[in-house]
Amino acid sequence: MAFENLTERLQAAMSKLRRKGKVTEADITEMMREIRLALLEADVNLQVVKQFTKQVRERALGAEVLESLSPAQQIVKIVDEELTKTLGSETVGIVKSPKIPTVIMMAGLQGAGKTTFAGKLANHLIKTEKARPLMIAGDVYRPAAIDQLKVLGQQLDVPVFDMGTDVSPVEIVRQGMALAREKKNDYVLIDTAGRLHIDEALMDELKQIKEVAQPNEILLVVDAMTGQDAVNVAQSFNEQLGITGVIITKLDGDTRGGAALSIRSVTGAPIKFIGSGEKLTDLEVFHPDRMSSRILGMGDMLTLIEKAQQDYDEKKAEELARKMKENSFDFNDFIEQMDQVMNMGPLEDLVKMIPGMNQMPGIENLKVDPKDIARKKAIVQSMTKAEREDPTLLNPSRRRRIAAGSGNSVVEVNRFIKQFKESQKMMQQMSKGSMPAGMDQMFG
Ligand code: GDP
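Quick caveat, the model's predicted, so the values are computed rather than measured.

Reading guide: rules and limits
- Residues numbered from 1 in each chain as written.
- Predicted model: local features only at pLDDT ≥ 70, side-chain atom pairs only at ≥ 80, totals over all residues.
- Heavy atoms only, no water.
- Phe/Tyr/Trp six-rings, centres within 6.5 Å; stacked < 30°, edge-to-face > 60°.
- Helix = DSSP H or I, 4+ residues; strand = E, 2+ residues; numbered from the N terminus.
- Buried < 20%, exposed > 50% of the residue type's maximum accessible area, 1.4 Å probe, protein only.
- Salt bridge = Lys/Arg side-chain N within 4 Å of Asp/Glu carboxyl O.
- Axes fitted to C-alpha atoms, helices over the stretch in contact; angles between N-to-C directions.
- Left-handed = near helix turned anticlockwise from the far one by under 90°.
- Contact = heavy atoms within 4.5 Å.
- Nonpolar A, V, L, I, M, F, W, Y, C, P; charged D, E, K, R; others polar.
- Core = buried A, V, L, I, M, F, W, Y, C linked by side-chain atoms within 4.5 Å.
- Domains from an automatic or database assignment.
- Expected span 1.5 Å × (residues − 1).
- Arc of directions from axis to C-beta.

Looking now at the packing of aromatic side chains. Taken as a whole, this structure holds 3 aromatic pairs when the rule is applied. A centroid spacing of 4.0 Å and a plane angle of 25° characterise the contact between Phe331 and Phe420, whose relative ring orientation is stacked. On the criterion of sequence distance, the pair formed by Phe331 in helix H14 (residues 331-343) and Phe420 in helix H19 (residues 410-431) is long-range, its members being 89 residues apart. Accessibility expressed as a relative area gives 0% for Phe420, which makes it buried. Through a chain of ring-to-ring contacts, the aromatic side chains of Phe331, Phe416 and Phe420 assemble into a single cluster.

If you want it as structure tokens, here you go:
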């Protein structure tokens, strides 16, 4: 899978700050050096790397490090935001024509995946908006391309217009367009010929097709495996033909990801889709923010951090930190914590934002019952002040009294006390600076 190496390297660079209470300029400089190397090794365009590291560095040094969060989390947030910007910020879909048909022309070098993408896009449009596309087979130089498109058309039940290989592509497109208007197809997808390299003949032909078809979209298909070549190709096509979007194919392969990270900045054209396999369904709408999260290996941890920033009470957090240090975390704190976490929204939703958690078996069944929380509160409220502050007082007769007072069984009271002791232990571990097993990954 693409980006694996990059993800590891970026995480390593940022995780060094994880255990620091305060970061210095030297720490940031060191981290930026590692991020820069990681990006260069991933084959990201040099200008893009320079710009990106400059932005992150400026923000990292200027950032107010909030008291409730570790500096490392702030840095992750900055890197993520800048990465999202580099990838294009907004999700840009297919721009439709006000009148049917919306005409989409594919362009790109041979083998980039144009024909495959035409099929994938037809499938996507059918699935998402019940479209009735017509595909035009304009690649007359690679005879197999026409058959390939016809096979895709049969699989999808989409008509394919072709005139064999003896007619000029411009004429094929002209007649295909006429047919689409007659049949009232809502989309026309034009597959064009590629070459091994960009040459004048190719560009002339594409310009003529553009003239005849007046496309709403000219989508350039590039192969992620070709790295910086893909970026150069995109730049040339954009200068000579004008493209409205880029499709990056083969991101499922073992690529370093440099093309995906550079193309938007270099060409200004948005990435609209990515190809993630050979099957018709292996197409993903490109979302810069989600791609950034993915590159950083974070699931949707950022929403969680933002929520924590929004909802967490600073003063109470400080108080809690003090208690953890002094090992005086008691039942009152436990209840307060529970209330605070509940304020952040349904716990099951929060848990899913933690990377890796949404793939955990059984996560769908995880439900936090507000009644359960209320029951626990009732147990604490049935304790005396002394008991709340010192759980060791809770002998069997006191537990029976608390059970009766709170309307719970003794078994439930025992279970709750056990749970409390476990979280007390966890707090102690955390205050000593070591994360409890498993939680370490959550704050990468
Ligand atoms: P064209 O010459 O630009 O029309 O390229 P094709 O559509 O014929 O694709 C060239 C090869 O790349 C074919 O073997 C496709 O199956 C393969 N291919 C296209 N897109 C993807 C993709 O996203 N992932 C993978 N793994 N293979 C792809």
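Bringing the pattern of salt bridges into the picture now. Counted under the stated rule, the structure contains 21 salt bridges. When the shortest N-O distance is used, the salt bridge between Glu129 and Lys96 registers 3.0 Å. Separated by 33 residues along the polypeptide, Glu129 in helix H5 (residues 114-129) and Lys96 in the loop between helix H4 (71-87) and strand S1 (102-107) bring together distant segments of the chain. Look at Glu129 and you get partly exposed, because its relative accessible area is 33%. Bridged by salt links that share partners, the residues Arg59, Lys77, Glu81, Glu82 and Lys85 form one connected network.

The next thing to look at is unusual backbone geometry. With omega at 0°, the peptide bond leading from Ile100 into Pro101 counts as cis. Of note in the backbone geometry, Gln214 takes a positive phi value of approximately 45° without being a glycine. Within the fold, Gln214 resides in the loop between helix H8 (200-213) and strand S5 (217-223). In this model, Lys250 sits at a positive phi of 60°, which is unusual for a non-glycine residue. Position of Lys250 among the secondary structure elements: in the loop between strand S6 (245-249) and helix H10 (258-267). Residue Lys250 is classed as partly exposed on the basis of its relative accessible area, which comes to 31%.

For the pair helix H3 (residues 46-62) and H4, interaxial distance at closest approach is 10 Å and the crossing angle is 145°. The handedness of the crossing between H3 and H4 is right-handed. Where H3 approaches H4, its residues Val48, Phe52, Gln55, Val56, Arg59 and Ala60 are matched on the opposing element by Ile75, Ile78, Val79, Glu81, Glu82, Leu83 and Thr86. Per-class residue counts for the contact of H3 with H4 are 8 nonpolar, 2 polar and 3 charged.

Here we come to the nonpolar core. Soluble globular proteins tend to pack their nonpolar side chains together in the buried interior. Within the largest apolar cluster, 72 residues are counted, with the highest numbers of intra-cluster contacts made by Phe3, Leu6, Ile35, Phe237, Ile248, Leu261 and Ile295. Per-element accounting of this core gives the leading share, 7 residues, to H4. Each of domain 1 (4-87) and domain 2 (102-288) contributes no fewer than three residues to this core. Setting aside its immediate chain neighbours within four residues, Ile35 contacts Leu10, Ala13, Met14, Phe52, Thr53 and Val79. One finds Ile104, Ala118, Leu149 and Val221 within the second-largest nonpolar core, a separate group that totals 25 residues.

A few words now on the environment of Phe237. Along the polypeptide, Phe237 turns up in helix H9 (residues 228-240). The exposure class of Phe237 is buried, given its relative accessible area of 0%. Among all residues touching Phe237, those that are not within four sequence positions of it are Ala107, Gly108, Leu109, Ile198, Leu202, Met203, Leu206, Leu220, Gly242 and Ile243.

With 17 residues, helix H2 (residues 25-41) extends 24 Å from end C-alpha to end C-alpha; this agrees with the ideal 24 Å at 1.5 Å per step. Listed in full, the buried residues belonging to H2 are Asp27, Ile28, Met31, Met32, Glu34, Ile35, Ala38 and Leu39. Buried residues of H2, viewed axially, fall in a sector of 165°; they line one side. Each element contacted by the buried residues of H2 is listed here: helix H1 (4-15), H3, H4 and H10. Two residues or fewer past H2, Asp43 is found with a positive phi of approximately 70°.

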